[in-house]
Every structure is written in C-alpha cells, then in structure tokens.
Amino acid sequence: MTDRDKANQNKWWKTAVIYQIYPRSFADSNGDGIGDLQGIISRLDYLENLGIDAIWLSPVCRSPQDDNGYDISDYQDIDPMFGTLQDMEELIAEAGKRHIRIIMDLVLNHSSDEHFWFREAKKSRKNPYHDYYVWRDGVEGEFPNDMRAAFGGPAWEWVPEVGQYYFHQFSVKQPDLNWENPKLRREIYDMINWWIDRGVGGFRLDVIDQIAKEPDRGITNNGPRLHEYLRELSRETFRKADLVTVGEAWGATTELAKLYSNPDNSELSMVFQFEHICLDQIPGKEKWDLAPLPFLKLKEVFGRWQTKLHGKGWNSLFWNNHDLPRIVSRWGNDGKYRVESAKMLAILLHGMQGTPYIYQGEELGMTNVRYEMEEYRDIETLNLYQERLEKGYSKEEIMDSIYAKSRDNARTPMQWSSGKNAGFTEGEPWIRVNPNYREINAAAQTGEEDSVFRCYQTLIRLRKEYSIFADGEFGMLLEEDEDIFAYTRTDADSRLLVVCNFHDREVNVSLEELADPGELLIANYRDACQRTVLRPYEARMYWKERQ
Ligand code: GLC
Ligand code: CA
C-alpha cells in the first residue's frame, strides 16, 4: 500500500455518519411556519446526542423557491426566509463546537431564472452573460428538439428578446448553466472557494452528472466532458481542503462510481447512486409507475455495489432523502411493525461499507402521508397531477402514485413532540404535519430504550468503535433466499454478521454462521439469541474475533 493509499484510508468521512436536514421542514424559530437556520441551531444538541458527524443542509441560498431552494438566485447569500449570512456563520460555529461539520448543497447544473446572470443573459445575444446558459436558435412554437423537462413539459423555453430558446432540464425557472464556458466555470470555483473560506465541511453536488449535457445529441447525464469538468472542479476547489464531497448521480454505474470516487482524490469523495431506489418502478417508465418490490434484486444490487467498490472507490449508504418516500413505508411496514422494520432497515444499511446518510425523521421511523390534493406543495407532484389528468388517468390511479412516491412524503415537518404542530412551529406550517406525530416524535423516543432513535444512536456509536465497519470486506450470504438478507463483513482480525428478515412473519434461517455468531452488537428484539427462527422484521448484528 502506498502512502497516499494509507492517507486516504484515514479520511474522516469514512467513519462518519451524515445527517440530512431539509431546512424548511426541520425547525421554525420565528413562527412564520417555515424552518430556518436559528431553528437548526436550537436543535444541535439533539443531533449531538444522536452522534452524527456532519449535517448536509439542503439549499439555504437566496432563491425564489420555485423548487424549494434548488433554484438559486444568489449563491453567496442566505435566503431571508432561512436567516442571514451571520446566522449561517453562527450555525457553522455552533455545530463546530459539537464536532459537527456543515455540508452545503451546491446546485451547479442550473440557476434560478432570477439570478443576475440569467437576467443579463436574456437581454441580448451580445451580453457577456449570454453564454452562461444553453441557447438554441429557432422560431417560436418550434422547439429545437423534443426533449422533456424532469418536472413535465418541454425542456425548451422561448425568450423573445433574443429570439432563442434556453434549455432547462427541470422547471422553466431553472435554466441550465453552460459548463462549456470556462468563464462560468471560473465563477463557480470562486464561489465555492468563498464558502470553503467560511468553514464549511463539504458539499453535496446536486444532479452533478447532468452538468455536461449535450442537448443537440439528446444527452442529459454522463456527457462526454463530465469527468474532465469534475477533475477541474476538484483541482480548483475542494481538493486542497479536508472536505467531503458527494455527487448526486442518478446515472451512475459501479464503473462510473469508481471514477467519481477514485481514492486518488481526483474527483469526489463519493456519489449517491439510485439503483436500489429505482427498483420499485417499472423499468423504462416514470417513477410514478409502480412495480412490485423485487427483494432478490435488492440484494443483488447492494451486493454488487459493496463488492465492486471495495478498495476502488467509496459508497454512500442511504434509504431516504428529500426527494424520496419514507423507507419504512416502502420496504418496511408502517403499520403493526413500524418500529421493528425501521430498525431492521437501519441495521441492514449501517452494517455495510460506505458513509451512511440519515434523512431527518428517519431516526424516528417517520412515515409517508396521504393528503388531499390541495395539501401537496411540491412542484413535481402538482405538475404530475395535472399532466396525468390530461392524459386520462383516473384520480385514484394518480393518487396511488402520489401516496407512494410524492416528494412531499419526506417534506412534512419534523416531528419533535406531541404538542402543537409536532413542536415544529408556533405558527401555521407551510405544509401540513403528518397526523401521526402524537405517536411518532422525538420527545417520546430520545429517553426510551427500545426506540428507533436509540437504535440509530447505537449504530452510529458502533461504527466509531469497530474499524471493521469502515474497512471490512462484504460477503453476501443466502443469495437466493426470498425472505432473508444476510451478509458478513470481514477484516484481518474479525467478522461481522448481519441477519435480517424482510417479512411480517416468522422465517427459518439456515446459516452455519449462527452456530457460533459471536457477540450480539445490536438487535431489534430484546431477547435475540442464536435462534434459527427470525421473528417479523427481526434483525441482528454480531461481531466475532477471528481465530
Ligand atoms: C435534485 C434535487 C431535487 C431537485 C433537482 C433539481 O434531484 O435533489 O430536489 O428538484 O435536483 O435541482
Ligand atoms: Ca421561520
């Protein structure tokens, strides 16, 4: 092993657990119904108690909020809705006192149409900012091609002042930035360095695999120049600092992930890949077109990512984020076995190699919601509803998709207590609180030994105590078993064994390893032992020294 390899093995984020905050739904400090930076500061003790090492903050920069902050109009200011730059500095400092780093969300594929660059760009073709965006000539009413935007409608929008279309992969208010322009890239690097100087601990890079788009060839993600841009970005910014970087890459394969997360540090620390997430949709269709959950495929996907990246890259481990439904309502059971299945999913994921991400409320076993249509807020959900009504889908069909997949499932207010509005706000929350907050909330769980919260807290502690979590090699067991997800992790001196039942009934497990599994590190039933019957959603994790 070279010195560089050794240094890389000691990267802080390899033993870290990261917690994602969706600021508008986390904690409201001033009663306007919207979460804010002071709200987060007031809850740092809770996060310190949980034991996390870093917070990934979804965007808090100035934004017209067309896509809840993923449409930035000023990258170097905080949106007044969330607070001020001073509040941000206070957050970084207060978190730092608790050994928690702040990871910012960088939205570099597009800006808001209200950004100064775009306001200038659309004035004339000669404007120095014109080329910061992606324009194509044409005539009004005839799109340059038939590409569609992710939130519905065409990916092109006409601007009469310049007689051209601009390209947008998301909403019309999110024009795509033109990475082919070196001046734009320079501006971006300067902005990032400005944040690094303010002491942030890292960055999550929004839809980073889409920056090198080539619309004339219909290319959105994984464009030919993508890795060239990423290497330049890294070299000019975060490479110099001890930061963590994670790219959102829906189109990542294990081969591409090895490039992104190459231990030589040339691109990023890791990527979010979504192969395990997309298993619940009909291949080739949209995320709303639900497929039955394929359990064997889930095992195959996790197993492959664990094996292929071992020693060659680095995985991120996650079930949830602000775009995804609650995992306990998807692969778990949000009724009778909510607590057991939430813990099982946590134990399964946190035993693997990679950096785990916990999305706010996941540590409480928060669930999906079923609202009336008027109560949904997400632009993607609202557009989908209209689009599918027009296409002739029935209301029931559309609502089934929304219940299962709407991004608002993850965006309901954090459930702090059984008090008014779940303790999230004194005012009227911007989106309705999940009515189950009286039962599911932080106040009820932090002091309760058998809570989902305690399970997460213990997992985070274990990951720090045993180096095998960061280093051990993954080995799948019972590959063809339809009920059980079991695997080992091994290093030179020890072995970890994780055994999970994915069903709401008892199942038998035939594993030689269970004859002498070692010490029980964590389980989701009190009297777990070496029994070869697993109760509904039972999960156990054992550790053993190797002879
Ligand atoms: C990412 C974000 C999502 C956002 C989109 C456009 O997928 O996670 O919330 O809408 O990018 O920025
Ligand atoms: Ca507020």
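Before reading further, recall that the structure is shown in the block above.
The written sequence of each chain sets the order in which its residues are numbered from 1. Key to labels: chains lettered from A, ligands numbered from 1, both in the order written. Whole-chain, interface and lining totals are the exception, using all residues; otherwise, since this is a predicted model, local features are given only for residues with pLDDT of at least 70 and side-chain atom pairs are given and counted only at 80 or more. Where side-chain values are given, they derive from all heavy atoms of the structure, hydrogens and water being excluded.

For ligand 1, the set of nearby residues contains 14 residues, the closest of which are D67, D206, E248, H322 and D323. Definition of a polar contact: a pair of N or O atoms within 3.5 Å, with one able to donate and the other able to accept a hydrogen when the atoms are protein atoms, and with sequence-neighbouring residues admitted only if both atoms are side-chain atoms. Separating an oxygen atom of ligand 1 from a side-chain N or O atom of D323 is a distance of 2.5 Å. Here an oxygen atom of ligand 1 and a side-chain polar atom of R407 are 3.0 Å apart. Expressed as a share of its isolated accessible area of 310 Å², the protein-covered part of ligand 1 is 97%. Its residues placed into classes, the shell around ligand 1 shows four nonpolar, three polar and seven charged. For this description, a residue counts as near a given molecule or strand if any of its non-hydrogen atoms is within 4 Å of it. What sets the accessible areas is the Shrake-Rupley method with a 1.4 Å probe; for residues, cover comes only from the shown protein chains. Ten residues, namely Ala, Val, Leu, Ile, Met, Phe, Trp, Tyr, Cys and Pro, are considered nonpolar, four, namely Asp, Glu, Lys and Arg, are considered charged, and the remaining ones, Gly among them, are considered polar.

The parallel open sheet is built from eight strands, whose spatial order is 11-10-9-5-2-1-13-12. Because the sheet does not close on itself, it has two edges, and the strands there are strand 11 (270-272) and strand 12 (316-317). Two strands pair when backbone bridges link them, and strand 9 (residues 202-205) and strand 10 (residues 244-248) are joined in this way by four bridges, in the parallel orientation. Residue pairing across strands places F203 opposite T245, the latter belonging to strand 10. Across the sheet, helix 4 (residues 85-97) touches strand 2 (54-57) and strand 5 (101-106), and the angle it forms with strand 5 is around 140 degrees. If DSSP finds at least two bridges between two strands, the strands pair. The numbering of helices and of strands both runs from the N terminus, where a helix is a DSSP run of H or I of at least 4 residues and a strand a run of E of at least 2. Here a residue-residue contact requires only that any non-hydrogen atoms of the pair lie within 4.5 Å. Orientation is described by lines fitted to C-alpha atoms, with helices fitted over the stretch in contact, and by angles between N-to-C directions that extend from 0 to 180 degrees.

To estimate how far a helix should extend, the number of its residues minus one is multiplied by 1.5 Å. Compared with an ideal rise of 1.5 Å per residue, which puts 16 residues at 22 Å, helix 6 (residues 182-197) spans 23 Å between its outermost C-alpha atoms and is within 8% of the ideal. Two or three places before K183, at the opening of helix 6, N181 has a side-chain oxygen 2.8 Å from that residue's backbone nitrogen. G199 sits one or two residues past helix 6 and shows a positive phi near 95 degrees.

The subject of this paragraph is the coordination of the calcium ion (ligand 2). Each metal site is built from N, O and S donor atoms within 2.8 Å (3.2 Å for Na, K and Ca), and since water is not included, such sites may look incomplete. Here the calcium ion (ligand 2) is held by D28 (OD), N30 (OD1), D32 (OD), I34 (O) and D36 (OD), and the distances to it run 2.2 to 2.4 Å. All donor residues of the calcium ion (ligand 2) come from one chain, and their arrangement in sequence is D-x1-N-x1-D-x1-I-x1-D.

Bringing the sheet that holds strand 8 (residues 164-167) into the picture now. Sheet architecture is open: three strands sit in the order 6-8-7, paired in antiparallel fashion. Edge positions in the sheet fall to strand 6 (135-137) and strand 7 (156-159), since each of these pairs with one other strand and no more. Between one strand axis and the next, the sheet turns by 35 degrees as a mean value, whatever way the strands run. One ladder, built from three bridges, connects strand 6 with strand 8; its direction is antiparallel. The partner of W135 across the bridge, within strand 8, is Y166.

Okay, the packing of helix 6 against helix 7 (residues 226-236) next. Contact geometry for helix 6 and helix 7: axes closest at 10 Å, N-to-C directions at 40 degrees. In terms of orientation, helix 6 and helix 7 fall into the oblique class. Judged by the sense of rotation from one axis to the other, the crossing of helix 6 with helix 7 is right-handed. Here R185, R186, Y189, I192 and N193 of helix 6 lie close against helix 7, whose contacting residues are Y229, E232, L233 and E236. Its residues assigned to classes, the contact of helix 6 with helix 7 comprises four nonpolar, one polar and four charged. Any angle between 65 and 115 degrees counts as roughly perpendicular, while under 35 counts as roughly parallel, over 145 as roughly antiparallel, and the rest as oblique. For any helix crossing, the convention is left-handed if the near helix is rotated counterclockwise from the far helix by under a right angle, and right-handed if that rotation is clockwise.

This paragraph deals with unusual backbone geometry. Even without glycine at this site, L478 takes up a positive phi of about 50 degrees. Relative to the elements of secondary structure, L478 occurs in the loop between strand 14 (473-477) and strand 15 (484-490). Look at Y537: it is not a glycine, yet its phi comes out positive at around 55 degrees. In this structure, Y537 sits in the loop between strand 19 (533-534) and strand 20 (539-545). Categorising residues by exposure relies on relative accessible area from a 1.4 Å probe, with only protein chains included: less than 20% of the type maximum marks a residue as buried, more than 50% marks it as exposed, and the intermediate range marks it as partly exposed. Here Y537 falls in the buried class, since its relative accessible area comes to 6%.

Right, let's talk about the state of the cysteines for a bit. Disulfide assignment relies on a single distance test, namely cysteine sulfur atoms paired within 2.5 Å. Evaluation of the coordinates by the stated rule reveals zero disulfides. Free of any disulfide, C455 has its nearest cysteine sulfur in C500, 10 Å distant. Of the residues examined, C455 reaches a relative accessible area of 5% and is grouped as buried. C500 gets classed as buried once you look at its relative accessible area, which sits at 0%.

Note on definitions: salt bridges are taken to be side-chain nitrogens of Lys or Arg within 4 Å of carboxyl oxygens of Asp or Glu. Following the criterion strictly, the structure yields 46 salt bridges and no others. The structure contains a network of salt bridges with shared partners spanning D67, K287, D323, D378, E380, R407 and R411.

It is worth spelling out the pairing of strand 14 at this point. Most of strand 14 sits out of view: four of its five residues are buried. The pairing of strand 14 with strand 15 spans five bridges and is classified as antiparallel. Across the sheet, the residue bridging to G475 is T488, located in strand 15. Hairpin geometry of strand 14 and strand 15 is characterised by an intervening segment of six residues between the two adjacent antiparallel strands and by a positive phi of about 50 degrees at L478.

This part is about the packing of aromatic side chains. Pairs were defined over the aromatic rings of Phe, Tyr and Trp, the Trp ring being its six-membered one, requiring ring centres within 6.5 Å. Orientation was assigned from the angle between planes: stacked under 30 degrees, edge-to-face over 60, tilted for the rest. Per the counting criterion, the structure on display carries 37 aromatic pairs. Ring centres of F26 and W416 lie 5.0 Å apart, and the angle between their planes is 75 degrees; on these two criteria the pair is classed as edge-to-face. Separated by 390 residues along the polypeptide, F26 in the loop between strand 1 (18-21) and helix 2 (37-42) and W416 in the loop between helix 13 (408-411) and helix 14 (442-445) bring together distant segments of the chain. Given the relative accessible area of 0%, F26 is considered buried. Ring geometry for F272 against F318: centres 5.1 Å apart, planes inclined by 75 degrees, an arrangement best described as edge-to-face. Residue F272 is located in strand 11, and its partner F318 is located in the loop between strand 12 and helix 10 (338-350); the two are separated by 46 residues in the primary sequence. For F318, a relative accessible area of 2% puts it in the buried group. Through pairs of rings, three or more aromatic residues link up here, namely F295, F302, W319, W331, F474, F485, Y487 and F502. Across the ring face of W416, the terminal group of R43 is positioned such that the distance to the ring centre comes to 4.0 Å. The residue whose ring lies beneath K287 is W288, and the NZ or CZ to ring-centre distance is 4.8 Å. Two conditions define a charge sitting above a ring: the NZ of Lys or the CZ of Arg must be within 6 Å of the ring centre, and it must be within 35 degrees of the ring normal.

Once that is clear, we can look at the environment of F82. With respect to the helices, strands and loops of the structure, F82 is situated in the loop between strand 4 (74-78) and helix 4. Since its relative accessible area comes to 2%, F82 is described here as buried. Between the C-alpha atoms of F82 and A257, which are 175 residues apart in sequence, the distance is 34 Å. In contact with F82, other than residues within four places in its own chain, are P23, R24, I34, G35, D36, L37, P59, V60 and Q65.

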